[in-house]
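Structural description and commentary
Here is how the chains run, residue by residue.
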Amino acid sequence: EAAVTQSPRNKVTVTGGNVTLSCRQTNSHNYMYWYRQDTGHGLRLIHYSYGAGNLQIGDVPDGYKATRTTQEDFFLLLELASPSQTSLYFCASRAGQGEANTGQLYFGEGSKLTVL
Amino acid sequence: GDSVIQMQGQVTLSENDFLFINCTYSTTGYPTLFWYVQYSGEGPQLLLQVTTANNKGSSRGFEATYDKGTTSFHLQKTSVQEIDSAVYYCAMRDYNQGKLIFGQGTKLSIKP
C-alpha cells in the first residue's frame, strides 16, 4: 500500500509568520505534488517535482516556495504567511512514466493551516 | 490553458437514485482522465481512470466514458447508496506533462 505522510496535520500561525509543511512518501515514486483545497475551487496545484532537486511551478504558486531534498521528501514553504493562505494542503505522489500505475496519485491525509 | 470543469457543486439524492455528475475538459493534447473520490476526513483516492478516447472506465458500480468528441467524462452510477456520500473530483493529465489538473469537485449527499 502506497504511503504518503504529511506533517504537521494542523498548524495555526499569524500573518507574516513562517511555515513549513512536510511530506514524505515511501513509494519510491518520482513525482510529488502540493495542492491546496478550498471550497468552490477544488484542488489547485501549487508546485510539483519529478525528482530530487527538481521543482516545477503549478497553477497557484504565488506566496509559496517548495523544495525536494530527496526522492522521499517534499517541503512547502510559506515565508510570509497571509490569511488568504488559510487552507487544507494535500501532498501526493505518483510513479513516473514507464512504471506501473503511472497515472494514479496517492494522497496524504492533509495539513490544515490557519493564518490569523 | 488546460482546464477541467464540474458545474455541479453539490448533488443531493436518495438511496437507489441514479447519479450523473458532469465533467468537461479543455486541452490541446490527448489526456488521461480520472475520477477521484474523497471521503470525509481523508485525502482523495482514485476511483477510475481512462487513458484512451472512447473507452469506458468502471469501478465499484461507477462508470465514465472518455468522449473526445464532446470533451466530456461524465460520472454515472445506476443506484447510489449512503456510503457513496463523498466529494467527487474529475481530473486530467496530459501525456507529456507531469501535472494533474482537477475540477472544482462535486459534493454528493445521499439521504437514507
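This text goes with the structure placed above it.
Residues numbered from 1 in each chain as written. Chains lettered and ligands numbered in written order. Predicted model: local features only at pLDDT ≥ 70, side-chain atom pairs only at ≥ 80, totals over all residues. Heavy atoms only, no water.

Section: the interface of chain B and chain A
Tallying the contact residues gives 19 residues for chain B and 21 residues for chain A. Here D59 of chain A ties to K99 of chain B by a salt bridge, and the two come within 3.0 Å at their closest N and O atoms. For the pair chain B and chain A, the number of links is six residue pairs in polar contact (both at pLDDT 80 or more). Elements with a contribution of two residues or more to the side of chain B that touches chain A: β5 (32-38), β6 (45-50), β10 (86-93) and β11 (100-102) of chain B. Across the side of chain B that touches chain A, the residue classes tally to nine nonpolar, seven polar and three charged. (Contact = heavy atoms within 4.5 Å. Salt bridge = Lys/Arg side-chain N within 4 Å of Asp/Glu carboxyl O. Polar contact = N/O pair within 3.5 Å; in protein donor to acceptor, adjacent residues only side chain to side chain. Helix = DSSP H or I, 4+ residues; strand = E, 2+ residues; numbered from the N terminus. Nonpolar A, V, L, I, M, F, W, Y, C, P; charged D, E, K, R; others polar.)

Considering the pairing of strand β7 (residues 56-59) of chain B
All names here are of chain B. The side-chain alternation of β7 yields one buried face, formed by G57 and S59, and one unburied face, formed by K56 and S58. Sheet topology places β7 next to strand β8 (residues 62-65); four bridges connect them, and they run antiparallel. Counterpart to G57 in the pairing with β8 is A64. Turn length for the β7-β8 hairpin, with the two strands adjacent in sequence and antiparallel, is two residues, and the turn residue R60 shows positive phi of about 50°. (Buried < 20%, exposed > 50% of the residue type's maximum accessible area, 1.4 Å probe, protein only. Pairing = 2+ DSSP bridges.)

Here's the deal with the side chain of K77 of chain B
Take K77 of chain B: it is sitting in strand β9 (residues 75-77). Discounting chain neighbours no more than four positions away, the residues touching K77 of chain B are D17, F18, L19, R60, G61, F62 and D84 of chain B.

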